[in-house]
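Coordinate inspection notes
Here's the letter readout for the chains.
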Amino acid sequence: MGLEHLDVLIVGAGLSGVGAGCHLQERCPGKTYAILEARGEVGGTWDLFRYPGIRSDSDMYTLGYRFRPWTEAKTIADGPSILDYVRQTARDHGIEEKIRFHHRVVRAEWSTAESRWTVEAERSDSGEAMRLTCGFLLVCSGYYRYDEGYTPDFEGVERFAGRIVHPQHWTDDVEYEGKRVVVIGSGATAVTLVPSLAERAAQVTMLQRSPTYIVSLPAEDPIANLLRRALPDRAVYPIVRWKNVLLQMLSFRLSRRRPDFVKKILRRGVERALPAGYDVDTHFKPRYDPWDQRLCLVPDGDLFEAICAGRAEVVTDEVAAFTENGIRLRSGAELEADLIVTATGLNLLFLGGMEVTVDGRRVEMSRAMTYKGMMLNDVPNFAFTLGYTNASWTLKVDLASEYVCRVLAHMDAHGYSQCVPETDPSIVEEPLIDFTAGYVLRSLDQLPKQGSQLPWRLRMNYALDLQALRFGAVDDGTMRFSSPAPPLQALERAAKV
Ligand SMILES: Cc1cc2nc3c(=O)[nH]c(=O)nc-3n(C[C@H](O)[C@H](O)[C@H](O)COP(=O)(O)OP(=O)(O)OC[C@H]3O[C@@H](n4cnc5c(N)ncnc54)[C@H](O)[C@@H]3O)c2cc1C
């Protein structure tokens, strides 16, 4: 018996995969498709992370899908509400029945002669392998390893008598009420955890090697709430979404052009939120320029409030070693702890670790080049979704899914069975992400490159991407469309008829 064949296969049922399913159903209603998901649940990131206080650090008007208004009062939303939003979208659009859970895709082999991918998945529930074929492969696997968060090799961890937990592996039985907690890290996860843990812990210390830019914003958007009194959600959503897109683009541009001016504004915000005489220089003056790494957002200044109330403190130092009672610092000081939370980051993983081959040749991801930030040179009928680092993830992944639908429609209209961005030898390679965050720097050598010019250049700009991906020509001279001669089997079949 032949393998099951689908027109499109989506990998991953997180925010991106569910969105991709919705776009595909609406824009290419005739296409058969399925979503293979490694885990047993919809929601990806928003289902995996369970640490106290888990929330978005961008506004839900841009983290939400273009086609589904965010209707809750809080624009910086908690994790469970975001998970509910993704699941409800999957339910309302009939996506759930398209998802095959516990299917981890491990390999995808493209055959030009057959114009199809053969995809192999491991069933994480039964251990069995399954294979199917598809005409187009859309990988929405996120960007990091699910099985293990990143923890540096700290000396003496085995000596520590308390519990050590990475936020990615937080479970309900982690006790912190009345305990002394040290959170190692200064990124979005650390600044989320600290005020939340401080509500019930005896004392919370955020131990950071170096400071991060932190901005306080209202958890509720007053303009959105005002508009909602007069207008329906459907009308308010695009207005507030565009307001936020433009504000974010402005803040990014200003940071790149006038970093000193932006530094001053950010510093003033921090100074105002902290007690007089607080050592801002040591704890809140980063060594890099704003947006060289993602800004950390704190809703209603909750982190600063916890510091002002004496429930949380920030220590800027380095871990020398774990001891039986806590952490010895490079400065020689000791931090006593019952619980240590290693908010030290993620392990980046491109394409969910899948092995990809084209006509038997393995695609070395580190040598590949991205086309429009969503396809790879010389890899046919293939796309992936990666969001912005300087704006909400969904802005880009929505556009990427729309673009895939446009490509599919173009191929149908012209009778093409293959599309491939063809290598241009005149393009110079550049690192994919111009970002100095640790998790990016650690993994740059495993990621594809971007090119020095369009359409190989990755643009971290929603307005320009919108122009290119929603309205730009699909047949742009770089993407080659073709209908190779039908495969031998098809010819044989035709001859028999
Ligand atoms: C704690 C945290 C907070 C964040 N907050 C924000 C925020 O506020 N704003 C923002 O823009 N971004 C944020 N991000 C980035 C965030 O990951 C994205 O916004 C978004 O949730 C990613 O969705 P996704 O579907 O692309 O990936 P994921 O959510 O990672 O989902 C990927 C799915 O693919 C599945 N998968 C992976 N590999 C395979 C495989 N080989 N086979 C089958 N299935 C596979 C996974 O099991 C998972 O279900 C945050 C990330 C984290 C970790």
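The preceding data block contains the structure.
Criteria and cut-off values
Residues numbered from 1 in each chain as written. Predicted model: local features only at pLDDT ≥ 70, side-chain atom pairs only at ≥ 80, totals over all residues. Heavy atoms only, no water. Core = buried A, V, L, I, M, F, W, Y, C linked by side-chain atoms within 4.5 Å. Buried < 20%, exposed > 50% of the residue type's maximum accessible area, 1.4 Å probe, protein only. Helix = DSSP H or I, 4+ residues; strand = E, 2+ residues; numbered from the N terminus. Salt bridge = Lys/Arg side-chain N within 4 Å of Asp/Glu carboxyl O. Pairing = 2+ DSSP bridges. Axes fitted to C-alpha atoms, helices over the stretch in contact; angles between N-to-C directions. Lys, Arg positive; Asp, Glu negative; His and termini not counted. Contact = heavy atoms within 4.5 Å. Near = heavy atom within 4 Å. Polar contact = N/O pair within 3.5 Å; in protein donor to acceptor, adjacent residues only side chain to side chain. Areas by Shrake-Rupley, 256 points an atom, 1.4 Å probe, with all protein chains shown as cover. Nonpolar A, V, L, I, M, F, W, Y, C, P; charged D, E, K, R; others polar. Parallel < 35°, antiparallel > 145°, perpendicular 65-115°, else oblique.

**So, the nonpolar core**
Counting residues in each nonpolar core, the largest one holds 134 residues, and the members touching the most others are Trp117, Leu137, Trp170, Val183 and Phe284. With eleven residues, helix H11 (residues 393-414) is the single largest residue contributor to this core.

**Focus on the pattern of salt bridges**
On inspection of all chains with the given rule, the structure shows 35 salt bridges. The partner of Lys263 in a salt bridge is Asp260, with the nearest N and O atoms 3.8 Å apart. Residue Lys263 and its partner Asp260 are located together in helix H8 (residues 259-273), separated by three residues, close to a single helical turn. Judged by its relative accessible area of 29%, Lys263 falls in the partly exposed class. A salt bridge links Arg267 to Glu271, with the shortest nitrogen-to-oxygen separation between them at 2.9 Å. Taken together, the residues span about one helical turn, with Arg267 and Glu271 both in helix H8 at a distance of four residues.

**Some details on the sheet that holds strand E13 (residues 319-322)**
Sheet strands associate in pairs through backbone hydrogen bonding, adopting either a parallel or an antiparallel arrangement. One open sheet accounts for three strands, arranged E13-E14-E15; its pairing is antiparallel. Edge positions in the open sheet fall to E13 and strand E15 (334-336), since each of these has one partner strand only. Each neighbouring strand pair of the sheet contributes to a mean axis angle of 25°, computed without reference to strand direction. Sheet analysis places E13 next to strand E14 (residues 326-329), joined by three bridges and oriented antiparallel. Its bridge partner lying in E14, Ala321 is registered against Arg328.

**Some words on the side chain of Lys396**
Within the secondary structure, Lys396 is located in helix H11. Lacking a salt bridge, the buried Lys396 has Asp465 as its closest oppositely charged neighbour, with an N-O distance of 4.1 Å. Setting aside residues up to four positions removed in sequence, Lys396 forms contacts with Lys372, Gly373, Leu386, Gly387, Tyr388, Leu458, Asp465 and Leu469.

**Here's the deal with the site of the ligand**
Taken together, 32 residues surround the ligand, and among them Ser16, Glu37, Asp57, Ser58 and Tyr146 come closest. The backbone of Gly352 places a nitrogen or oxygen atom 3.3 Å from a nitrogen atom of the ligand. Taking 980 Å² as the accessible area of the ligand by itself, protein coverage stands at 95%. Put simply, the parts of the chain that give the shell around the ligand at least two residues each are helix H1 (15-27), helix H2 (45-48) and strand E4 (103-111). Per-element accounting of the shell around the ligand gives the leading share, three residues, to E4. Taken together, the residues of the shell around the ligand break down into 15 nonpolar, twelve polar and five charged.

**Overview of the environment of Glu334**
Tracing the sequence through the fold places Glu334 in strand E15. Aside from chain neighbours lying at most four places away, what touches Glu334 is Thr323, Ile327 and Arg328.

**What about the sheet that holds strand E12 (residues 312-316)?**
With parallel pairing, five strands are arranged side by side in an open sheet as E7-E16-E8-E9-E12. Each edge of the sheet is formed by a strand with only one pairing partner; in this case those strands are strand E7 (163-165) and E12. Mean inter-strand twist for the sheet, computed between neighbouring axes without regard to direction, equals 20°. As defined by bridge partners, strand E8 (residues 180-184) adjoins strand E16 (residues 339-342) across four bridges and the pair is classed as parallel. Looking at the pairing, Ile184 lines up with Thr342 of E16. Contacts from helix H5 (residues 188-198) reach E8, strand E9 (203-208), E12 and E16 within the one sheet, and its direction differs from that of E9 by about 165°.

**Some words on the packing of helix H7 (residues 233-257) against helix H13 (residues 462-471)**
In the contact formed by H7 and H13, the axes pass within 10 Å of each other and the chain directions differ by 120°. Judged on the interaxial angle alone, H13 and H7 are oblique. On H13, the residues that touch Arg241, Trp242, Val245 and Met249 of H7 are Tyr462, Ala463 and Leu466. In the contact of H7 with H13, the residues fall into six nonpolar, no polar and one charged.

**What about the environment of Ala333?**
If you trace the backbone, Ala333 turns up in the loop between E14 and E15. On the accessibility criterion, Ala333 (36% relative accessible area) is partly exposed. If sequence neighbours within four positions are ignored, Ala333 has contacts with Ile327 and Arg328.

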